Structure formats: structure tokens, C-alpha cells
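Examining the three-dimensional arrangement
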Amino acid sequence: MRIYWLGGSPCSGKSTIAERLTLQYNLTYFRCDDSLTAHIASSDPRHQPTLARLRTMTSDEIWLEPVAAQVERVIAIYREEFSLLLAELQALHTGRPILAEGAALMPELVRQDPTWAAHAVWMVPTPVFQREHYRQRPWVAGVLQDCSDPVQAFANWMARDEAYAIYVTQTAIAAGLPLLQVDGSQTMDVNATWVASQLGLAD
């Protein structure tokens, strides 16, 4: 079973490109974000302590913690979740190659298997692009509605994701893995073509 990996930080256009490539190359699209709620609910505190802790955390505890702590938590979440995502991927039997997409697919995890890393790419937005496009998402206010200080919570959220983008960038470059920084200067078509080429879909 061939798996293509599209990772990176939020708001870089990963989902849009994944949807395009899925149709263009007749792939099965596996959106990692869709599994997070179920993984939190079923997590075992002995093996996924960070995921399990999310079940009882308040909105203020999630979003008003110092940004450095939030970054550490999200990286821990993705490390704990990776084996769960792999189990789901291995259970898929669609007869088509799979395109797995999501922020949880960190370079340090995918590069564990050279055959995975050979068909993997990461995307990160610049801080300006990230903030501009996050503000256009209608569901953002709903995520923060229970916070006592939604303005500070949003600022922390953006700072967390910017720091995570730096982490992804550094780890991908250190491992010699392909990475695209999205700043809005290229069209989605251009970015999708580049991603397809790096994944080996266009060969």
C-alpha cells in the first residue's frame, strides 16, 4: 500500500492541495485532523497522557498557558497520536494509494521509514500569511468562545502555530526533506504542482 504524506503547520493550504491531488490522481484522502476527537476520547493515560489530559482541560487551560508550554503540548500530542494514525491508515483498504494530510505528520515521525520519507512533503505559512487567513475562518471564534480572554487566546494560538511552523521547518531541513514556505506569492495551482512533483505523483 503506497502512502503519500503531506504534513506541515496549520493554514498553509495543505487541505486544499490534498483535495485537488486526491481528485487529480485518484487517491484516497486521509485527513488526520478528523481523527483527533476520537483519539482524545479513546486515549489511554498510560500510553497517551497528553491526549488523555485534553479530556479534562478547560479552554483557559488550553489557550491561556504560556506559548512555550502550548508548543510542547502540541508536539507531544502529535507524537502520541502518530501510532494511532498509522493503525487507521493500515486498516484502509480502498484499492487506491492514500494521501495522508495533517499537522500531526511531523518530519521526525515520517522519516522513521525511508519509504515513507521518499514520498513526503511539508508546507508551512509565513506568519503574515497565517494570521491573514486564520482570521477569515468562520469557526475560529467558536473555538475560543469559552475563554475568559479570547483576544489573548487568539494571540497565543497564532504564536503557538508560528513556533510550530519553525519547528517543522527546522526538522525538515535538518533531515533533508522537502518543505514549501507559503507566503501567497504563488498560486494554489503552482503550489499543488510542486507538491505533486515532490511526492512523486507527477512521475
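The coordinates are above.
Heads up: these notes are all about the structure in this document. Position labels on residues start from 1 in each chain and follow its written sequence. Two thresholds apply to this predicted model, a pLDDT of at least 70 for residue-level local features and 80 or more for giving and counting side-chain atom pairs, whereas whole-chain, interface and lining totals are computed over all residues. Water and hydrogen atoms were dropped before computing side-chain values, which therefore reflect all heavy atoms in the structure.

Quick look at the overall build of the protein
This is how the line gets drawn: A run of DSSP states H or I qualifies as a helix once it reaches four residues; a run of E qualifies as a strand once it reaches two. Both are numbered from the N-terminal end. The classification of residues rests on relative accessible area computed with a 1.4 Å probe and restricted to protein chains. Under 20% of the type maximum is buried, over 50% is exposed, and intermediate values are partly exposed. The method behind every accessible area is Shrake-Rupley, applied with a 1.4 Å probe, and residues are considered shielded solely by the protein chains displayed.
Along the protein, the regular secondary structure elements total 11 helices and 5 strands. In terms of overall dimensions, the protein has C-alpha extents of about 50 × 40 × 30 Å along its principal axes. For the protein, with 203 residues in total, the buried portion stands at 49%. Entry remark: accessible area of the protein is about 10,000 Å², with carbon and sulfur atoms responsible for 53%.

Some words on unusual backbone geometry
One non-glycine residue, C11, lies in positive phi territory at about 70 degrees. Structurally, C11 can be placed in the loop between β1 (3–8) and α1 (14–25). Backbone geometry at N26 places phi at a positive 55 degrees, although glycine is not the residue there. Among the secondary structure elements, N26 is positioned in the loop between α1 and β2 (28–31).

Focus on the environment of N26
Just so we agree on the cut-off: We call two residues in contact when some of their heavy atoms are within 4.5 Å.
A relative accessible area of 51% places N26 in the exposed class. Note: C-alpha distance between N26 and P97 (71 residues apart in sequence) is 7.9 Å. Contact partners of N26, with chain neighbours within four places excluded, come to L21, R96 and P97.

Looking at the packing of aromatic side chains
To be explicit about the condition: Ring geometry is summarised as follows: Phe, Tyr and Trp rings, the Trp one being its six-membered ring, pair when their centres sit within 6.5 Å, and such pairs are stacked at plane angles under 30 degrees, edge-to-face over 60 and tilted between the two.
Summed over the entire model, instances satisfying the criterion amount to 7 aromatic pairs. A centroid spacing of 4.8 Å and a plane angle of 35 degrees characterise the contact between W63 and W157, whose relative ring orientation is tilted. Pair noted here: W63 is in helix α4 (residues 59–63) and W157 is in helix α10 (residues 150–174), with a separation of 94 residues, a long-range link. An identical accessibility class is assigned to W63 and W157; each is buried. By way of ring pairs, the aromatic residues W5, F82 and W116 are connected into one cluster.

Considerations on the sheet that holds strand β3 (residues 98–101)
For clarity, the cut-off: A pair of strands counts as paired when DSSP detects no fewer than two bridges linking them. Each axis is a line fitted through C-alpha atoms, and for a helix only the stretch in contact is used; angles between axes span 0 to 180 degrees, taken between their N-to-C directions.
Overall, parallel pairing links the 5 strands, which are arranged β2-β3-β1-β4-β5 in an open sheet. Every other strand in the sheet has two partners, leaving β2 and β5 (179–182) as the edge strands with one partner each. Each neighbouring strand pair of the sheet contributes to a mean axis angle of 20 degrees, computed without reference to strand direction. Strand contacts of helix α11 (residues 188–199): β1, β3, β4 (120–125) and β5, with the helix running at about 150 degrees to β4, the strand carrying the most contacts.

Quick look at helix α8 (residues 127–134)
The condition is simple: Of all possible arcs, the one meant is that of the directions from the helix axis to the C-beta atoms.
For α8, the full list of buried residues reads F129, Q130 and Y134. Buried residues along α8 cover an arc of 120 degrees about the axis, so they all sit on one side. Looking at the buried side of α8, the elements it contacts are β4, α9 (140–143), α10 and β5.

What to know about the pairing of β2
Of the two faces of β2, the one holding T28 and F30 is buried and the one holding Y29 and R31 is not buried anywhere. Here β2 runs beside β3; their pairing, made up of 4 bridges, is parallel. Paired with F30 across the bridge in β3 is A100.

Here's the deal with the pattern of salt bridges
Which entries qualify depends on this criterion: Basic side-chain nitrogens of Lys or Arg form a salt bridge, by our definition, when they fall within 4 Å of a carboxyl oxygen of Asp or Glu.
Scanning all chains against the criterion turns up 8 salt bridges. Notably, a salt bridge pairs R20 with D189, separated by 2.3 Å at the nearest N-O pair. In this pair, R20 sits in helix α1 while D189 sits in helix α11, placing the two residues 169 residues apart along the sequence. Residue R20 is classed as partly exposed on the basis of its relative accessible area, which comes to 34%. R31 serves as the salt-bridge partner of D33, at 4.0 Å between the closest nitrogen and oxygen. Residue class for D33 comes out partly exposed when judged on its relative accessible area of 42%. For R31, a relative accessible area of 28% gives the class partly exposed.

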